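As a plain string of letters, each chain reads:
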Amino acid sequence: MAKNPYTLLGVPKTATDKEIKSAYRKLAKTLHPDVNPDNPAAEAKFKEVTAAYNLLSNEDLRRQYDTGQVDASGQQQNPFAGGFRHANAQGGMDTGFGGFGGMGGQDDMSDLFSSLFGMNMGGGRRAGGMGGGGGFQQRQAPPQRGEDVRYTLKMTLIDALTGGVKDLGRGLSVRFPKGIKDGQTVRLRGKGKAGVNGGPAGDARVKITVLPHRNLVRDGNDLKLDVPISLSEALKGTKVEIDLPTGKVSLNIPAGTNSGKRFRLSGKGVRAKDGTGDLYITPQIKLTRGEMAGASVLAAQLPDGEKHDLRSGLI
């Protein structure tokens with residue numbers, strides 16, 4: 001059963017047309033699906049307050065509701081009271097033996113949605129003679145925006161850093177910017193389901209899932225990378241060059257560098273709309289096959305009995 005339209009809009013039964021319209025405008029701005037793309041509860045509430053406004057903004061429907069002739073959904077309560085009437089707050093046919101109420105509510109909806117969201121909500125009217133004093137008037141249901149369609153798109157971290165175009169199927173593709181983040185949503189306007197009664201089409205909303213890389217890690221707009229170096233390179237120093245999705249970088253590693261020492265390359269991280277991050281490179285010493293083969297010779301040359309405590313504070 002439909003809820004009390006006055007309660008839904010938060011206005012008293014004595015509210016003027018201007019007060020009703022003002023209350024609906026405030027609710028529509030916060031509940032509209034464009035403002036709440038992933039909120040079914042808000043969308044359901046938006047439909048309720050819109051139906052309430054449709055009823056109360058129509059002078060005839062409001063009078064019939066206030067006098068108990070129709071319920072909150074605009075359905076007739078007593079089909080034999082005052083002639084035959086069938087009214088609906090969503091838009092429909094209104095016939096009677098004693099004339100017809102105004103259609104101002106429908107025109108108000110057109111003006112309202114045009115100012116709020118740039119939509120054309122103008123319905124149509126048709127009138128014709130019935131013979132004698134009566135008349136026939138039919139209201140079309142207002143245009144309704146089509147439903148949004150949601151997709152989930154998985155991509156590698158490399159693709160996310162470089163940007164590009166991905167195919168979603170059904171002839172639909174999405175272009176995503178460089179540096180797009182995991183969990184971000186790309187909106188394709190007008191690529192959802194078709195509208196009703198001439199209303200605009202919905203949107204396609206594509207949620208991005210970025211798969212982890214085996215070595216490269218993203219932290220905000222910063223990138224982190226562990227780089228293996230040989231024992232010889234760690235002892236003598238070396239220059240490493242790396243081809244990253246964001247560009248080629250080079251780093252001079254000084255002699256005597258231990259595993260775990262971190263080097264920062266400013267501005268070599270993710271290039272995104274909200275800024276550019278840094279690249280952090282951490283060398284990790286890894287013995288080569290040649291170094292492993294000569295390990296016994298090398299070990300023999302190392303001093304014995306050196307006092308050290310490398311594992312202090314480990315736990």
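Residues numbered from 1 in each chain as written. Predicted model: local features only at pLDDT ≥ 70, side-chain atom pairs only at ≥ 80, totals over all residues. Heavy atoms only, no water.

## Quick look at the pattern of salt bridges
Under the defined criterion, the tally for this structure stands at 15 salt bridges. When the shortest N-O distance is used, the salt bridge between D60 and R63 registers 2.4 Å. Of this pair, D60 and R63 both sit in helix α4 (residues 59–66), three residues apart, which is roughly one turn of that helix. With a shortest N-O distance of 3.0 Å, K166 and D159 are connected by a salt bridge. In this structure, a network of salt bridges that share partners links the residues R145, D148, R187, D203 and R205. (Salt bridge = Lys/Arg side-chain N within 4 Å of Asp/Glu carboxyl O. Helix = DSSP H or I, 4+ residues; strand = E, 2+ residues; numbered from the N terminus.)

## Concerning unusual backbone geometry
If you check the backbone angles, R170 has positive phi at about 55 degrees while not being a glycine. Secondary-structure assignment places R170 in the loop between β5 (164–169) and β6 (172–176). Positive phi, close to 55 degrees, is recorded for N197, a residue that is not glycine. Mapped onto the elements of the fold, N197 is located in the loop between β7 (185–188) and β8 (204–211).

## Structural notes on the environment of K181
Here K181 lies in the loop between β6 and β7. Residue classification places K181 among the partly exposed residues on the basis of a relative accessible area of 32%. In the structure, K181 is positioned 28 residues away from T209 in sequence and 8.0 Å away in space, judged by C-alpha atoms. Among all residues touching K181, those that are not within four sequence positions of it are I208, V210, R218, N221 and D274. (Buried < 20%, exposed > 50% of the residue type's maximum accessible area, 1.4 Å probe, protein only. Contact = heavy atoms within 4.5 Å.)

## Some remarks on the sheet that holds strand β16 (residues 279–285)
With mixed pairing, four strands are arranged side by side in an open sheet as β9-β10-β16-β13. The two strands at the open ends of the sheet, each matched to only one other strand, are β9 (216–219) and β13 (263–265). Between one strand axis and the next, the sheet turns by 25 degrees as a mean value, whatever way the strands run. In this sheet, β16 lies alongside β13 in antiparallel orientation, the contact comprising three bridges. Paired with F263 across the bridge in β16 is I281. (Pairing = 2+ DSSP bridges. Axes fitted to C-alpha atoms, helices over the stretch in contact; angles between N-to-C directions.)

## As for the side chain of S230
Structurally, the position occupied by S230 is in the loop between β10 (222–229) and α7 (231–236). With near-sequence residues (within four places) excluded, S230 lies in contact with I285, K286, T288 and E291.

## Structural notes on the packing of aromatic side chains
Counting across every chain of the model gives two aromatic pairs. Measuring from centroid to centroid gives 6.2 Å for Y6 and Y65, while their planes differ by 40 degrees, and the two rings are tilted. Of the two residues, Y6 sits in helix α1 (residues 5–9) while Y65 sits in helix α4, which places them 59 residues apart along the sequence. Neither residue differs from the other here; Y6 and Y65 are each classed as buried. With a centroid separation of 4.6 Å and 10 degrees between ring planes, the pair formed by Y24 and Y53 is classed as stacked. In this pair, Y24 is assigned in helix α2 (residues 17–31) and Y53 in helix α3 (residues 40–56), connecting sequence segments 29 residues apart. When its relative accessible area of 1% is taken as the criterion, Y53 is described as buried. Above the ring of F263, the side-chain terminus of K261 is found at 5.5 Å from the ring centroid. (Phe/Tyr/Trp six-rings, centres within 6.5 Å; stacked < 30°, edge-to-face > 60°. Lys NZ or Arg CZ within 6 Å of the ring centre and 35° of its normal.)

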